[in-house]
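Each chain is listed here by its residues.
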Amino acid sequence: MADPSSYRPKPGQIPDSPGVYKFRDEHRRVIYVGKAKNLRQRVANYFQDLANLHPRTRTMVTTAASVEWTVVSTEVEALQLEYSWIKEFDPRFNVKYRDDKSYPYLAVTLNEEFPRVQVMRGAKKKGVRYFGPYGHAWAIRETVDLMLRVFPVRTCSAGVFKNAARTGRPCLLGYIGKCSAPCVGRVTPEEHRELAEDFCDFMAGRTGTYIRRLEKDMMQAAEEMEYERAARLRDDAEALKRAMEKSAVVLADATDADLIAVAEDELEAALQIFHVRGGRVRGQRGWVTDKVEAVDTSGLVEHALQQLYGEERGDAVPKEVLVPALPEDPEAVSQWLADRRGSQVSLRIPQRGDKKDLMATVQRNAQQALGLHKTKRASDLTTRSRALEEIAEALGLDTAPLRIECYDISHLQGDDVVASMVVFEDGLARKSEYRRFQIKGFEGQDDVRSMHEVIGRRFKRYLQDKERTGEWEEAPEAAPGPASVHASATGPAATGPAAIGQAAADPAAIGQAAAGPVSTGPAATGPVPAPELTAASPDDEPEPREDDGRPKRFAYPPQLVVVDGGQPQVAAARRALDELGIDDIAVCGLAKRLEEVWLPDDDDPVVLPRSSEGLYLLQRVRDEAHRFAITYQRAKRAKRIRSSPLDDVTGLGETRKQALIKHFGSVKKLRQATIDEICEVPGIGRRTAESVVAALATTAPAAPAVNTATGEIIEEDDGGSS
């Protein structure tokens, strides 16, 4: 536990300008990000007597080892920079709302030639129009089914669409009038896009125009005694009205607004958002969060606004946002929202009328969501705590293993040997910490040797990270004067003219307000050499800088290492740790056959009861490691099987590769072609043709396939590989 006075900035060192500050721990991770109108007043509040601080704030300042700040021009810039840093560094002491599920949206893919209506989840894509979110996917499908009578927009996948275009026959929806069948040319691309845009207009709340037009056409058809057409138009109008009835009118003045309500207690908070468009509730979603920082309702609202609208632009930000409490600086937040929308946004607390009544409904939803979440979590926390305690007791550990890492080896008859590392923290999977390894030390099948290599590589990286952060070696003394401030800014702080300061435990690293974007810290003393052994995770992405505050790959040790296997695998893991001088990490193995737990140097296994929560947790960890390993192994094997000699041709992409295979029929026939014949393929120049011939000449053709039943040689016709 650090003493805040050891890194407290000197008097007058912190500017009194608006800005954003961040606390880092001893590993240089960013653990908290905040903003202030006056940095000097705000940051100084953290260094008062610990007894006067909120318990969560006290925990944060005693966990931190340094504080840095960035000066900006306005409060709006501070709000934007705070959001960017929270998103980039994921600080553990900042409030972060998490969805209790992935909400479905009704999406219209206007970025395609023939827009498609579909249910979509996850991150939003550019060029796609979204409506929602909805509570259930079936609610979207019911609405779409009603509206396809009037707006027969394409709903099929790309594969179904291409197949229909190839055969000249539309799908069932095209025959029953619920699709305009652009796949077979019944409508032009322009006509189909107009249908999709009308669909979007109706979903956006402009409903009256279409219903009045249908009713007018119905009356005209009746006057002309076209009764069948009039009946069809009547049914279309009724279908649109039924679709509208699925979202009740809550605000009579056709308001576009988002209503946000918060229910909280000392430990957690639940958030509910109602999306009202055209006076109707078009979507609803809920978030929950742990109150890991000392924050009141206004702070929770501000964090919610950042997360809700941080990635949105245009009409996705409504004209009006109704909240239970205004943020600390409502003018700056309103301006930030207006910048994202492109026009004025009203941020206020409803005082009377329909909006206040609707806010009360949203508040009741938030209270119920918080109660339901606490009921579920109480049971879950109790179970996980009991499981960790049982593991600690069975293995003779001093404390419960809050971080568990499990390793598994996967291969197919000695080929494509890979390993996996999965991480469970507090009994829950931490998927961002998962890692994958390729076995590089030897060829063939040897699970024990593979386990020794993987454990050694993983913890060698751990020791290297400890050395980099100075936990084992004293950091070199920085030269006095301005040279101790290194001009190597990283992250959002380095964008635009800003002044950055830092106060660290090392007096030589005390930051000073400077007139340009600079960054301080021991990491800037020179480039860090790459380690000799690295993990494939997932595609050997570069290791992040040690001073950027992001979580490192292997910097944090577990309390328990679990290996998938019995006594030999456990002994190999223990030997790898002993060779590195690591003796404070427990090791065990879980054998599949009898679910026995093996410990190093023990001839007999530990047998946990079948009903034990501890055994169940170990099984979950082991099975997750097995799943992760075999998924990687299969992907690696599939990539090898699909490989082609053409993959090695520089500048030959997938499109031109397919063009060559389509033109010649197979790699075998392509290998027999001349340079001039290859140049006849559209898009293939002479230089590329020469590269193709050279690549194929250096690879031996595959052995011919033989039909084992008849003995005949099967000609190559797949064109995928050689």
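Fair warning: this is a prediction, and the values are worked out from it, not measured in the lab.

Q: Can you explain the overall build of the protein? Please cite residues and give values.
A: In terms of helices and strands, the protein carries 19 helices and 22 strands. Of all 722 residues assigned to the protein, the portion counted as buried reaches 47%. The contacts of the protein with a sequence gap of at least 6 include a subset with a gap of at least 24, amounting to 65%. For the protein, the exposed surface amounts to about 36100 Å²; the carbon and sulfur share of it is 50%.

Q: For the pattern of salt bridges, give the residues involved together with the corresponding values.
A: Close approach of charged atoms allows side chains with opposite charge to pair. Counting across every chain of the model gives 26 salt bridges. With a closest N to O distance of 2.8 Å, Glu-68 and Arg-24 form a salt bridge. Residue Glu-68 is located in strand E3 (residues 64-71), and its partner Arg-24 is located in strand E1 (residues 19-25); the two are separated by 44 residues in the primary sequence. We note that Glu-68, like Arg-24, is buried. Close ionic contact of Glu-112 with Arg-154 constitutes a salt bridge, the shortest N to O distance being 2.9 Å. With Glu-112 in the loop between strand E5 (105-108) and strand E6 (117-120) and Arg-154 in the loop between helix H4 (137-147) and helix H5 (158-167), this pair connects stretches of sequence that are 42 residues apart. On the accessibility criterion, Glu-112 (29% relative accessible area) is partly exposed.

Q: So what about the side chain of Thr-62? Which residues, and what values?
A: Secondary-structure assignment places Thr-62 in helix H2 (residues 55-63). With a relative accessible area of 7%, Thr-62 lands in the buried category. A distance of 2.8 Å separates the side chain of Thr-62 from the backbone oxygen of Arg-58, its partner in a polar contact. A distance of 3.1 Å separates a polar atom in the side chain of Thr-62 from the backbone oxygen of Thr-59.

Q: Outline the packing of helix H10 (residues 297-309) against helix H11 (residues 330-341), listing residues and values.
A: Interhelical geometry of H10 versus H11 gives an angle of 10 degrees and a closest axis separation of 12 Å. As judged from the angle between their axes, H10 and H11 are roughly parallel. Along the contact surface, H10 presents Glu-302, Leu-305, Gln-306 and Tyr-309, while H11 presents Val-333, Trp-336, Leu-337 and Arg-340. Per-class residue counts for the contact of H10 with H11 are 5 nonpolar, 1 polar and 2 charged.

Q: I'd like a description of the packing of aromatic side chains, backed by residues and values.
A: Summed over the entire model, instances satisfying the criterion amount to 16 aromatic pairs. When the ring centre of Trp-85 is taken as origin, the NZ or CZ atom of Lys-22, which lies over that ring, is 3.5 Å away. Over the ring of Tyr-175 we find Arg-186; its NZ or CZ atom is 6.0 Å from the centre of that ring.

Q: A description of the environment of Arg-116 should follow, citing residues and the corresponding values.
A: Here Arg-116 shows up in the loop between E5 and E6. Ignoring anything within four residues of it in the chain, the contact list for Arg-116 reads Ala-107, Val-108, Thr-109, Arg-154, Thr-155, Cys-156 and Ser-157. Here Cys-156 takes part through its backbone oxygen, which lies 3.0 Å from a polar atom of the side chain of Arg-116.

Q: I'd like a description of the environment of Arg-436, backed by residues and values.
A: With respect to the element layout, Arg-436 can be found in strand E16 (residues 435-438). Arg-436 sits in the buried class, given a relative accessible area of 18%. In this structure the C-alpha to C-alpha distance between Arg-436 and Phe-628, which are 192 residues apart in sequence, comes to 8.2 Å.

Q: Which residues make up the pairing of strand E18 (residues 560-564), and what values do they have?
A: Burial within E18 is extensive, with 5 of its 5 residues counted as buried. Here E18 shows no split at all, with Leu-560, Val-562 and Asp-564 on one side and Val-561 and Val-563 on the other all buried. Strand direction decides the pairing type here: strand E13 (residues 403-412) and E18, joined by 4 bridges, are parallel. Bridging from a neighbouring strand, Ile-404 pairs with Leu-560 of E18. Note: E18 against strand E19 (residues 586-591), 5 bridges, orientation parallel. Opposite Asp-564, over in E19, you have Leu-590 as the bridge partner.

Q: Can you explain the sheet that holds E6? Please cite residues and give values.
A: Hydrogen bonds along the backbone pair up the strands of a sheet, which may run parallel or antiparallel. Reading across from one edge, E6-E5-E7 is the order of the 3 strands in this open sheet, with antiparallel pairing throughout. If you trace the sheet from one side to the other, it starts and ends with E6 and strand E7 (129-131), each paired once. Across the sheet, the axes of successive neighbouring strands diverge by a mean angle of 30 degrees, strand direction being ignored. As defined by bridge partners, E5 adjoins E6 across 4 bridges and the pair is classed as antiparallel. Its bridge partner being in E6, Ala-107 is matched across the sheet by Gln-118. Seen against the sheet, helix H7 (residues 189-203) touches E5, E6 and E7 and runs at an angle of roughly 150 degrees to E5.

Q: How would you explain helix H3 (residues 75-89) if you had to name every residue and give the values?
A: The end-to-end C-alpha distance of H3 is 21 Å, a good match for the 21 Å that 15 residues give at a rise of 1.5 Å each. If you check which residues of H3 are buried, you get Val-76, Ala-78, Leu-79, Leu-81, Glu-82, Tyr-83, Trp-85, Ile-86 and Phe-89. Its buried side turned inward, H3 meets E1, strand E2 (30-36), E3, H10 and H11. With its phi angle positive at about 50 degrees, Asp-90 sits one or two positions after the end of H3.

The rules behind each value
Residues numbered from 1 in each chain as written. Predicted model: local features only at pLDDT ≥ 70, side-chain atom pairs only at ≥ 80, totals over all residues. Heavy atoms only, no water. Helix = DSSP H or I, 4+ residues; strand = E, 2+ residues; numbered from the N terminus. Buried < 20%, exposed > 50% of the residue type's maximum accessible area, 1.4 Å probe, protein only. Contact = heavy atoms within 4.5 Å. Areas by Shrake-Rupley, 256 points an atom, 1.4 Å probe, with all protein chains shown as cover. Salt bridge = Lys/Arg side-chain N within 4 Å of Asp/Glu carboxyl O. Polar contact = N/O pair within 3.5 Å; in protein donor to acceptor, adjacent residues only side chain to side chain. Axes fitted to C-alpha atoms, helices over the stretch in contact; angles between N-to-C directions. Parallel < 35°, antiparallel > 145°, perpendicular 65-115°, else oblique. Nonpolar A, V, L, I, M, F, W, Y, C, P; charged D, E, K, R; others polar. Phe/Tyr/Trp six-rings, centres within 6.5 Å; stacked < 30°, edge-to-face > 60°. Lys NZ or Arg CZ within 6 Å of the ring centre and 35° of its normal. Pairing = 2+ DSSP bridges. Expected span 1.5 Å × (residues − 1).

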